[in-house]
Each structure stands twice: as C-alpha cells, then as structure tokens.
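# Structure at a glance
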Amino acid sequence: MTYSLETAEHPERLRRVAIDPVSRVEGHGKVTILLDEHNKVHQVRLHIVEFRGFEKFIQGRPYWEVPVMVQRLCGICPVSHHLAASKAMDIIVGAKKLTPTAEKLRRLMHYGQMLQSHALHFFHLCSPDLLFGFDSDVTRRNIVGVAAEHPEIAKRGVLLRKFGQEVIRITSGKRIHGTGAVPGGMNKSLTIAERDELLKDIYQIVAWSRDAVHLIQKVHIQDPGLYNSFGIFRSNFMSIVGHNGDLDFYHGSLRARDDNGKIIFDGVDYQQYDKYIEEEVKPWTYMKFPFFRSLGKEHGWYKVGPLARIQNCTQISPLCRARAQGVRRLRRRLTDARTARLPLDADDRNAARGGGNQEPAAR
Amino acid sequence: MNAPVKKKLKVATTSLAGCFGCHMSFLDIDERLFTLLEHIEFDRSPLTDIKEVHPECDIGIIEGGLCNAENVHVLRDFRKNCKILIAIGACAINGGLPAQRNHLPLSAILEEVYHTSPGLSNGLIPNDPELPLPLNQVHPLHEVVKIDYFIPGCPPSGDAIWKVLTDLLAGREPELGHGLMHYD
Ligand code: SF4
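Summary of the structure given here. (Residues numbered from 1 in each chain as written. Chains lettered and ligands numbered in written order. Predicted model: local features only at pLDDT ≥ 70, side-chain atom pairs only at ≥ 80, totals over all residues. Heavy atoms only, no water.)

Let's shift gears to the pattern of salt bridges. All chains considered together, the criterion is met by 37 salt bridges over all chains. Here B:Lys83 makes a salt bridge to B:Asp58, at a shortest N to O gap of 3.0 Å. In this pair, B:Lys83 sits in strand E5 (residues 82-88) while B:Asp58 sits in strand E3 (residues 57-63), placing the two residues 25 residues apart along the sequence. For B:Lys83, a relative accessible area of 52% gives the class exposed. Each member of the salt-bridge network shares a partner with another, and the members are A:Arg161, A:Glu166, A:Arg169, A:Arg175, A:Glu197, B:Asp28 and B:Asp30. (Salt bridge = Lys/Arg side-chain N within 4 Å of Asp/Glu carboxyl O. Helix = DSSP H or I, 4+ residues; strand = E, 2+ residues; numbered from the N terminus. Buried < 20%, exposed > 50% of the residue type's maximum accessible area, 1.4 Å probe, protein only.)

Let us now look at the sheet that holds strand E1 (residues 9-15) of chain B. Residues and elements named next belong to chain B. What the five strands build is an open sheet, ordered E2-E1-E3-E5-E7; its pairing is parallel. Each end of this open sheet is capped by a strand with a single partner; those strands are strand E2 (40-42) and strand E7 (149-151). Each adjacent strand pair in this sheet contributes to an overall mean axis angle of 25 degrees, direction not counted. When E5 meets E7, the two strands line up parallel, connected through three bridges. (Pairing = 2+ DSSP bridges. Axes fitted to C-alpha atoms, helices over the stretch in contact; angles between N-to-C directions.)

In this section: the interface of chain B and chain A. Interface extent is often summarised as the accessible area lost during association of the parts. Facing the 55 residues of chain B at the interface are 63 residues of chain A. Looking at the side of chain B facing chain A, the largest losses of area belong to B:Asp49, B:Leu97 and B:Glu130, adding up to 12% of the total buried there. Linking chain B with chain A are 10 salt bridges. A salt bridge links A:Arg175 to B:Asp28, with the shortest nitrogen-to-oxygen separation between them at 3.0 Å. Here chain B is connected to chain A by 32 residue pairs in polar contact (both at pLDDT 80 or more). Broken down by element, the side of chain B that touches chain A gets its largest block of residues, six residues, from helix H5 (residues 106-116) of chain B. Of the residues assigned to the side of chain B that touches chain A, the class counts are 30 nonpolar, 13 polar and 12 charged. (Contact = heavy atoms within 4.5 Å. Buried area = accessible area lost by both parts, 1.4 Å probe. Polar contact = N/O pair within 3.5 Å; in protein donor to acceptor, adjacent residues only side chain to side chain. Nonpolar A, V, L, I, M, F, W, Y, C, P; charged D, E, K, R; others polar.)

Time to look at the layout of surface pockets. Approximately 570 Å³ is the volume attributed to the second largest pocket. Within the residue set of the lining of the second largest pocket, elements represented by two or more residues are strand E2 (29-35) of chain A together with E1 and helix H3 (69-81) of chain B. At five residues, H3(B) tops the list of elements feeding residues into the lining of the second largest pocket. Across the lining of the second largest pocket, the residue classes tally to 10 nonpolar, 12 polar and 10 charged. (1 Å grid on protein atoms, 1.4 Å probe; cavity = no way out; pocket = protein on both sides within 12 Å on 5 of 7 lines; lining within 4 Å. Points joined across faces, edges and corners; volume = space filled by probe spheres on them.)

The final tally for this structure, using the stated rule, is five cavities of 30 Å³ or more. Lining of the largest cavity is provided by 16 residues; of these, A:Arg72, A:His177, B:Cys19, B:Cys91 and B:Cys154 occupy positions nearest its centre. For the lining of the largest cavity, the secondary structure elements donating two or more residues are helix H1 (21-27) and helix H4 (90-94) of chain B. For the lining of the largest cavity, the residue count by class is nine nonpolar, four polar and three charged. Of the pockets and cavities examined, the second largest cavity occupies roughly 80 Å³. For the second largest cavity, the full set of lining residues is A:Arg24, A:Val25, A:Glu26, A:Ile76, A:Leu120, A:Leu125, B:Phe20, B:His23, B:Met24, B:Pro46 and B:Leu47. Sorting the residues of the lining of the second largest cavity by element identifies helix H4 (100-132) of chain A together with H1 of chain B as the ones contributing at least two each. Looking at the lining of the second largest cavity residue by residue, the classes come out as eight nonpolar, one polar and two charged.

Moving on, we come to the pairing of E3(B). Residue and element names in this part refer to chain B. Of all the seven residues making up E3, seven are buried; the element is thus mostly covered by neighbouring parts of the structure. Inspection of the sheet shows E1 paired to E3 by five bridges, in the parallel sense. Within E3, the residue paired with Thr14 across the bridge is Ile62. In this sheet, E5 lies alongside E3 in parallel orientation, the contact comprising six bridges. Along E5, the bridge assignment pairs Cys57 with Cys82.

A few words now on the nonpolar core. Across soluble globular proteins, nonpolar side chains have a tendency to be buried as a group. The biggest cluster of nonpolar side chains holds 54 residues, and the ones touching the most others in it are A:Phe123, B:Phe26, B:Leu33, B:Phe42, B:Ile61, B:Ile86 and B:Ile151. With eight residues, helix H6 (residues 151-172) of chain A is the largest single contributor of residues to this core. Residues in contact with B:Phe42, not counting those within four places in the same chain, are A:Val144, B:Val11, B:Thr13, B:Phe26, B:Leu33, B:Leu37, B:Leu47, B:Thr48 and B:Ile50. In this structure, B:Cys57, B:Val72, B:Leu85 and B:Ala92 belong to the second largest nonpolar core, which totals 18 residues. (Core = buried A, V, L, I, M, F, W, Y, C linked by side-chain atoms within 4.5 Å.)

Now the structure itself:
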C-alpha cells in the first residue's frame, strides 16, 4: 500500500480541511485532509469515529441471542450480519448441514438484502452525483433533487428498495432486524401466499434492475474521461466464491487474488480465516486494517464487497453475464482496455495471459 | 383563488450511536416519501450533503444514543436549532443495544478490542485528537436535552414514523395507535 499520504511530516504547518460528517455513505465517518500553502495535499485520512464494543459485550450472552444482537451493527445490511452470526452458531450447535428449505430461505433473505442495499446505494445515495455532477448545488444534490428532476428514476429506486425490504420481511419477520435465522436453521416458513406476492412483481423488478445498468452505461458514455479513472485504485481482493468458483452471496470458500488477477489463495475454509488474515490498529481511527499475512501489512491489504466478488468469481448467472459483457463492450468502445481499469479488468488480463486454469470471469 | 403556497417544513436527521436502522425504517415509508416531500425539505441528514443544521429548523429527528463527546455536541446543536426534537428508536430512548457495554469498564473493552484480541499484528488504543472521546457509558438523549417526542422500536416501523410525521404536519398531537407502538 502507498502510505505516502497517510501521515504528513509536519502536520502543524498544514491547513486542515474536514468533511464531517461524511454523508450519503453507509456508516459514521469523517475525512480530514492536510494541505500546504500551495494547496498540495500531504495527508488524507478517513476516520471511523464510532466505537461500540460489540466484540466484548456479546460475550457471555446466550448463544441464540448473537444473530439478533450483531445485526444491530448496521441497520442497512442487518441481514448479512444476522446470517454470518447464524452460520457461526450453526457450527457451534453442530448443525453441519441445514435442511434444503432453510438454506434456500436464508439465501432468499440475503438476496433481498443485496437488492435493497444496492438500490439504496445506487439510487438514494449515488445517483445525485451521477445525474447532477459532483459540484452541483448542495441543496439539490440528494434523492429529493432526483425526485424533482428525474421522478421516474427516483420512483424506481424507492420501489426496488421496497421489494428487497419486502423479501427480507417475508423471510425474517421484519424489514429491519428480523429474527428469521436461528442456530441450525430458520424459524419461519414461506407461505404460498407470500411466495405469490413476491412472484407478482419479480419480473418488473428484474427489468428495472436492468434499466439501472443501462442508466450507468449512459452516464459513463457521457464522460468517459472522468468515469474511466474516477475512484480507481489497484489492489488485491478477496471474497467467498461458491461451488466451482461461482458468484455466491451466502456460502463458499475464501478466494484472494492480487491486482493482476493472480490467485493468492483459494478454496480456504472461512473458519481458518485467522491463518490468512491479520489486523493492524492505527491511532487515528477505530477501524482496524486487515491484511493477508503472506504479503504483510504494506502490501497485503485488499478490497472486499461487490467489486471484489465480481472480479473474483469464475462465473455468474447468464443474465448478469450479459450485463457485465455490455459494460465491457462499452469500455472497449470508449478506450483502450489496458489503460482504463474498470471493474472486471483483472479477469480480462487473467484471460489474456491464459489465466492458469481459471475460467475467465463474467464473460 | 389559490391558497398561498405553504412553506415547506425543514427536517434535519442524524444518527448518533445508532446503526442507521431507524433511518432505513424512515425510508420504509416507501412511495409515501414523495408525498412527504411535498410538505417537507431535508436539512442536515445522512441523505444530503448539508453539514450544519439550519438555525430555524422545524423538526429534528435523532437516531442513536450518546456514546462519545461528539454525539453530545451534535445533540445540543440539534436542540438549539430545531423547534421539535424527536428521539427515534431504542438507542435514542434508552441507549439500546450499544448500552450493553455500560456494565463493563470502558478501558477493559478498549483493551480487549485493540490490544489483546486474537489476530492483531500490533496493539494500541486509538487516541488521535481527531477521534471523539468515548463516554464511560452510553446515555439516552433525554438525559442531556429536552426531547419532545419519542418513537419506540428497534427500529420503529415505517408506518409508525409516517404516522408521527403526518400528525405533526397536520398540527395534531402525534399518537401511535394499535400495532404501531412496539419495542422490538
Ligand atoms: S434503535 Fe435499533 S434500529 Fe434504531 S439505531 Fe438503535 S439499533 Fe438501530
């Protein structure tokens, strides 16, 4: 990792600019930037300012409370924490395999989570920047501004999120902080009426999701210079991958690649995570800094999340594949693929080099 | 004759020691958000990039209790600038889940999380002046400022939040009827 901007040599001589609080993101943070008299940046830090101590206070509680406690880490992605804790508790109670129904319901619950959280991120939080520009008027640059000028886009965002939340409610009992998953399985079934209620809208939801991909393609085409470089940084990445390296949101083994797409480790049982990952503490944030033990803290840091999952997996569903292909074609039309590093590039390069025995992802 | 256009009420929201679940529940009013936007405008909120509460803000909605000095500062600022202040959710009302740490000494928790827990390559307790000082215990909002209304729940449902806001907009005393008042 380039640490050059982490700590300035003489902070006392520099001017401080703060973005406090950081808004339109999921979490509590602030950014501080130190500049010299020529406005040259010497230090940039993202401070996670909140400390709560879940690690400690869940100790000693009844084990079955943990899935409902830890989801309160985050009310935006509660299901992910709920399921992670439930999976840990499955192991504790010796439930090596869930019933097929329980696993499907948990998966469905997490798909609802993925949908609502991505809708929130894309429409409610990011779309104002994409539609109005980063420097547009602050009173307009939010979902209210989008609702005023692009009512159809705002409406779809709200309805996509709503559908995801309904999937969660139906599988877990509540839209936020439900209690569906329990150690060893699920405590709620999906009735036929509930299933039909979801089926009624699903094709509309898929169509709108596709339109959202078109929207981002359109925005991209309008300013390729900006979007080909914005926010791009090379890194290792890690995610779980499912059976045969498929994209999977619920279960699988750990796979990590370097910034050229080369496998660092693969097929690792997540219960062994601590053999592969270590964490560093820094004085200026409550967040810890995980890194791959094998590469050390300077070079071992990595991306996780949606980009990492997409770049890391061997294959995804035919529908997503078609979308991803569209994005690639678009990028090729716009620029030289080697200079523009968009998501999925690592796999492109991997494939170009023969990619070992890895299938190129998301072809 | 057209009725004079009513000025939109300014609504500020913030998350202190909360999980954003109460904010998400606010968004769970779904399409009713657009109806609401005919009557209100958002001021400082995680949904906007406005960082300071307007000095004549009509309604302030606060999620989360107080776990650090910065939370107290933001709460006082909301009270100073908002005509009506609403505590939303268990955390704001009684500290909620984060208050589970109240029976433990703060130093022991920090020590364990940042020093002795497994998997750390180094041990130190974050102490940069940019980090707000944690309070010894997590406190509810009403211990520090006057709160006008409380909406219980973890989180309260979108329907409960909608009910309170529409009551306020109509000039009625907010009331949570059957099914809207719950504590889980
Ligand atoms: S009351 Fe519940 S939903 Fe609201 S912030 Fe606290 S933990 Fe989250």
